[in-house]
Amino acid sequence: MPASDEIDTPRGPARIDTDLPVRPASALLVLGHGAGGSVDAPDLLAVRDASIAAGLAVVRVTQPYRVAGRRAPAPAGHLDEAWSAVLAVLRDRHADVPAVVVGGRSSGARVACRTARAVGAAGVVALAFPLHPPGRPERSRAAELGTGLPTLVVNGDRDPFGTPEPGPTVQVVSRPGETHDLRRDPVGTASAVRDWLYAQGWATD
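Small disclaimer: the values here were computed from a predicted structure and weren't measured. (Residues numbered from 1 in each chain as written. Predicted model: local features only at pLDDT ≥ 70, side-chain atom pairs only at ≥ 80, totals over all residues. Heavy atoms only, no water.)

**Student:** Honestly, the overall build of the protein in this entry has me stumped. Any pointers?
**Tutor:** Along the protein, the regular secondary structure elements total five helices and eight strands. Starting at the N terminus, the α and β elements of the protein follow one another as β-β-β-α-β-α-α-β-α-β-β-β-α. Relative to the compact-globule value of 17 Å for 205 residues, the protein shows a C-alpha radius of gyration of 15 Å, a close match. Along the longest, intermediate and shortest principal axes, the C-alpha atoms of the protein span 40 × 40 × 30 Å. Intrachain contacts of the protein at a sequence separation of at least 6 include 63% that bridge at least 24 residues. (Helix = DSSP H or I, 4+ residues; strand = E, 2+ residues; numbered from the N terminus. Rg over C-alpha atoms; globule rule 2.2 N^0.38 Å. Contact = heavy atoms within 4.5 Å.)

And the structure:
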């Protein structure tokens, strides 16, 4: 069972759910949720399970606006501020863990990308990264992926928000038949994340 508690942020309390591997963690993976969703989304839970089995500690972060019961997302600056405050606490709590990897799905992936360097992350896992609003490809958010850090994007090939292009530090896995919710095959999505974590040296046998 995960250990749940709250962390105070400038935007109100955020909730965290922490799951630890049976052995000393090889890395810490911190995951955020989608705009109107929760940290219990199928893809996030599948990634959590696969990552714990691969030796990582996993923390799922619920943003303060969701803790307060609101579905409409807070402004981007508020999300980033709360996330960064949580990461500062988590880095202290898990100071013995060699690396911190940040990520999330959709809005949570964007927050992780925007703050990755500021929070000292080693890499980014972006699930269902919303490249642009549906039907508005001219409003690209691709620049948010330009962190310079190793980044994995896992998107469905039928995602109306689009799928980013790979780059020098950005690996893109396109999941056949999946839409934005990545619900058809969460285990397959998690396997792609697990394989990437191993390739980066953040997972252990």
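From this point, things continue past the structure.
**Student:** Help me understand the environment of H132, please; the structure alone is not making it clear to me.
**Tutor:** If you trace the backbone, H132 turns up in the loop between strand 6 (123–127) and strand 7 (151–156). A residue is classified by how much of its surface remains accessible, and H132, at 10% relative accessible area, is buried. Each residue touching H132, except ones within four places of it in the same chain, is listed here: P137, R139, S140, R141, P160, F161 and G162. (Buried < 20%, exposed > 50% of the residue type's maximum accessible area, 1.4 Å probe, protein only.)

**Student:** Would you take a moment to explain the sheet that holds strand 6 for this structure?
**Tutor:** Think of a sheet as strands paired side by side through backbone hydrogen bonds, with each pair either parallel or antiparallel. Taken in spatial order, the eight strands line up as 1-2-4-3-5-6-7-8 in an open sheet, and their pairing is mixed. Since the sheet does not close on itself, it has two edges, and those belong to strand 1 (3–7) and strand 8 (170–175), each with one partner. In this sheet, neighbouring strand axes are inclined to one another by 20° on average, regardless of whether the strands run parallel or antiparallel. The pairing of strand 3 (residues 28–32) with strand 4 (residues 57–62) spans five bridges and is parallel. Within strand 4, the residue paired with L29 across the bridge is V58. Contacting strand 1, strand 2 (14–19), strand 3, strand 4 and strand 5 (100–105), helix 3 (residues 76–93) runs over the sheet at an angle of about 160° to strand 3. Running over the sheet, helix 5 (residues 186–200) touches strand 5, strand 6, strand 7 and strand 8 and is turned about 165° from strand 7. (Pairing = 2+ DSSP bridges. Axes fitted to C-alpha atoms, helices over the stretch in contact; angles between N-to-C directions.)

**Student:** Which parts of the structure should I look at to understand the environment of R48?
**Tutor:** Secondary-structure assignment places R48 in helix 1 (residues 42–53). When the C-alpha positions of R48 and L29 are compared, they lie 8.5 Å apart, and in sequence the two are 19 residues distant. Not counting residues up to four positions away in its chain, the partners in contact with R48 are D19, V58 and R60.

**Student:** Help me understand helix 4 (residues 107–115), please; the structure alone is not making it clear to me.
**Tutor:** Since the α-helix turns once every 3.6 residues, residues separated by three or four places project in the same direction. With respect to burial, helix 4 is a largely interior element, eight of its nine residues being buried. The elements touched by buried residues of helix 4 are strand 3, helix 3, strand 5 and strand 6.

**Student:** Which parts of the structure should I look at to understand helix 3?
**Tutor:** End to end, helix 3 covers 26 Å across 18 residues, agreeing with the expected 26 Å (1.5 Å per residue, within 8%). Every buried residue belonging to helix 3 is among L79, D80, A82, W83, A85, V86, L87 and L90, and all of these are buried. (Expected span 1.5 Å × (residues − 1).)

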